[in-house]
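# Examining the three-dimensional arrangement
Read off the chains here:
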Amino acid sequence: MAGALRGPSDYAQEPTRHPSLRINAKEPFNAEATRRDLVASYITPVDLFLKRNHGPIPILDDIASYYVSIGGLVDRPAKLTLDDIKRLPKYNVTATLQCAGNRRTEMSKSRKVRGVGWDVCALGNATWGGAKLSDVLQLIGVPYHTEITLSGGKHVEFTSVDQCPEEKGGPYKASIPLGHATNPAADVLVAYEMNGEVLKRDHGYPLRVVVPGVIGARSVKWLNRIDIIEEECQGFFMQKDYKMFPPSVDWDNIVWSTRKPQMDYPVQSAICSLEDTNAIIPGEVTVAGYALSGGGRGIERVEISTDGGRTWSGAVRYQKEGVPYVPGDVTSDKWAWVLFKTVIDVRGDTEIIVKAVDSGANVQPESVDTIWNLRGILNTCWHRVRLLTIHNLRSLL
Ligand SMILES: Nc1nc2c(c(=O)[nH]1)N[C@H]1C(S)=C(S)[C@@H](COP(=O)(O)O)O[C@H]1N2
Ligand SMILES: [Mo]
C-alpha cells in the first residue's frame, strides 16, 4: 500500500462537516468556526476545529497495511505501522494550531492579497495524543538533540498522500530542522488522537505531525513518509508559499528564494464575543477572545482600549477553570492559547481594540499596513471591533 499511497483526485468522498462552520472554500474544503463558537471552550471541539486543506481528503482506512516509511539520510530506514508508533511512550500535548492565513480577509481590505479568505477563527486548541517525533527518530538511530547526522542530514521532511494542485497533483510536504525534531522538549508529535478520540479524516487520520508553536502549514496530515534530508524541503508550501515578505514586495518583483519558510508564529489576539460591527444597547458589554504566541512563549498581558490605543486596561486571562494562568509555569499549557474576558461599560459609539504581549515582550503591531504582505499571512495587527449604540432601542423594549 505505501509508496503507491495516494488520496482521491476529486471531492466525491468528503467527510460530513458541522453545519455551523463558516465555509471559506468548498473544494478544497476550508472552514472555520464562528467567533462565539470558537471561544465557548478552551479545548476546541473537533467538529468546530479549523479545517484547512489543499486537496481532497484522503481515505486511509486500510490500517492493516498502512505504515510510515522512514528514510533519507539514515543508516536504518524503517517502515513503522500504526501499532509501532503506538508502542512508543504516549504523550498528550495541548497545542493551538493556527493557520498563517488567519485574519487574511482583514489584511485584504487594506490592500488586496492572494489566498483563501479567513476571519479570525483559522485556529483551534486541541489535546493531541501520540508519540514524540524525537522518540520515533531515536528508534531509527537518530539520537536526541541531533543538529546534523553523520551523513549530513539537517532537516526532517514529512510527506503526505493528498493530491494538491500546487504540487501538480503531488502530495503536501513540509520540513522542520532536525534539531527541532529531535528535541524532546519541543513536543513535536506524530499524533493519532485529537481530544482523546481517534484522529478524524479531516485532521489527518491515521497519523499527522503536530509542530507546536509553529504555523499550521508544517503540521502535515495523512503522513506517508518521514525523511532525513540535507536541505529543507523544496515543496511548494515551503518555498513558494508561507513566507513573510515586506509590503514593498509584490507579484511583479518577488524573489521567493530571498526568504526562509515561516516557522514560529508571532504574538496574536482577537476579540470573538463581537463581530466587526455590532449594534448594541448602551451598558455592559463582554469583550472575550483568545491570545497566543509562537515558539512556546506565553501571554504576559492582554489589553483592551476604547480610546484608539491611548489608554489600555488588562483583561483576565485563563486556560483552565480555577487555575490561575501563569505564563511559563508548569500549571500552564505552554503551546496553547489563553482565553481572555473583560466587561466594559459602553455609553456611545465605540471602537474596541485588543492587543497581547507575549513572555518575550513582543507586541502586536498597531496597523495592518506595516505588515501587509502579498500572500496575506501573519496578520497580527491590533484587532478592532465597532459598537454602534442604538440609543432609542431601550425605550422601545
Ligand atoms: N497533507 C496536508 N497537510 C496539511 C495541509 C494540507 O493541505 N495537506 N494543510 C496545512 C495547513 S496550511 C494547516 S493550517 C493545517 C490545518 O490543519 P487542520 O485542518 O487539522 O486544522 O494543516 C496543514 N497540514
Ligand atoms: Mo495554514
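Looking up the protein in an unreviewed UniProt entry gives the name Sulfite oxidase, with the organism given as Oryza brachyantha. Quoted verbatim from the Cofactor (unreviewed entry) field of the UniProt record, the comment on the protein reads "Mo-molybdopterin".

## Some points on the sheet that holds strand β2 (residues 30–32)
The sheet built from 3 strands is open, its strands ordered β1-β2-β3 with antiparallel pairing. Looking at which strands have only one partner, the edges of the open sheet turn out to be β1 (22–25) and β3 (51–52). In this structure, β1 lies alongside β2, joined through 3 bridges in antiparallel fashion. Counterpart to I23 in the pairing with β2 is A31.

## Focus on the UniProt feature "domain: Moybdenum cofactor oxidoreductase dimerisation" (unreviewed entry) in the protein
In this structure's numbering, the residues bearing the UniProt feature "domain: Moybdenum cofactor oxidoreductase dimerisation" (unreviewed entry) are residues 260–387. Span residues 260–387 is 0% helix and 41% strand, its end C-alpha atoms 40 Å apart.

## Some words on the site of ligand 1
Taken together, 20 residues are adjacent to ligand 1, and L50, H54, D162, R208 and K221 come closest. Contact distances for ligand 1 include 2.6 Å between an oxygen atom and a backbone N or O atom of L50. A distance of 3.0 Å separates a nitrogen atom of ligand 1 from a polar atom in the side chain of S160. Of the residues assigned to the shell around ligand 1, the class counts are 9 nonpolar, 6 polar and 5 charged.

## Section: the sheet that holds strand β21 (residues 350–358)
Reading across from one edge, β15-β22-β21-β17-β18 is the order of the 5 strands in this open sheet, with mixed pairing throughout. Across the chains shown, the open sheet's two edge strands, defined by having one partner strand only, are β15 (277–280) and β18 (313–314).

## Re the nonpolar core
Of all hydrophobic cores here, the largest spans 87 residues; its most connected members are W128, L133, L137 and Y290. If you look at the next biggest cluster of nonpolar residues, it comprises 21 residues, including I280, V346, I352 and A356.

## Quick look at the pattern of salt bridges
Applying the stated criterion across every chain, the model contains 23 salt bridges. One salt bridge connects R301 with E303, and the closest N-O pair in it is separated by 3.1 Å. A cluster of three or more residues bridged by salt bridges with shared partners is formed by R22, R35, K109, D119, E275 and D276.

## Observations regarding the domain arrangement of the protein
We note that the domain assignment places domain 1 (22–258) and domain 2 (268–396) within the protein. Taking only C-alpha atoms into account, the centre of domain 1 sits 27 Å from that of domain 2. Domain 1 puts 48 residues into the contact, and the matching count from domain 2 is 38 residues. Each partner contributes to the roughly 3800 Å² buried at the junction of domain 1 and domain 2, and carbon and sulfur atoms together form 57% of this total. Remark: the boundary between domain 1 and domain 2 carries 4 salt bridges. Linking D276 and K109 is a salt bridge whose minimum nitrogen-to-oxygen distance equals 4.0 Å. Inspection of the domain 1/domain 2 interface yields 24 residue pairs in polar contact (both at pLDDT 80 or more).

Rules used in this analysis
Residues numbered from 1 in each chain as written. Chains lettered and ligands numbered in written order. Predicted model: local features only at pLDDT ≥ 70, side-chain atom pairs only at ≥ 80, totals over all residues. Heavy atoms only, no water. UniProt positions renumbered as here; feature names shortened; annotations may be inferred. Pairing = 2+ DSSP bridges. Helix = DSSP H or I, 4+ residues; strand = E, 2+ residues; numbered from the N terminus. Near = heavy atom within 4 Å. Polar contact = N/O pair within 3.5 Å; in protein donor to acceptor, adjacent residues only side chain to side chain. Nonpolar A, V, L, I, M, F, W, Y, C, P; charged D, E, K, R; others polar. Core = buried A, V, L, I, M, F, W, Y, C linked by side-chain atoms within 4.5 Å. Buried < 20%, exposed > 50% of the residue type's maximum accessible area, 1.4 Å probe, protein only. Salt bridge = Lys/Arg side-chain N within 4 Å of Asp/Glu carboxyl O. Domains from an automatic or database assignment. Contact = heavy atoms within 4.5 Å. Buried area = accessible area lost by both parts, 1.4 Å probe.

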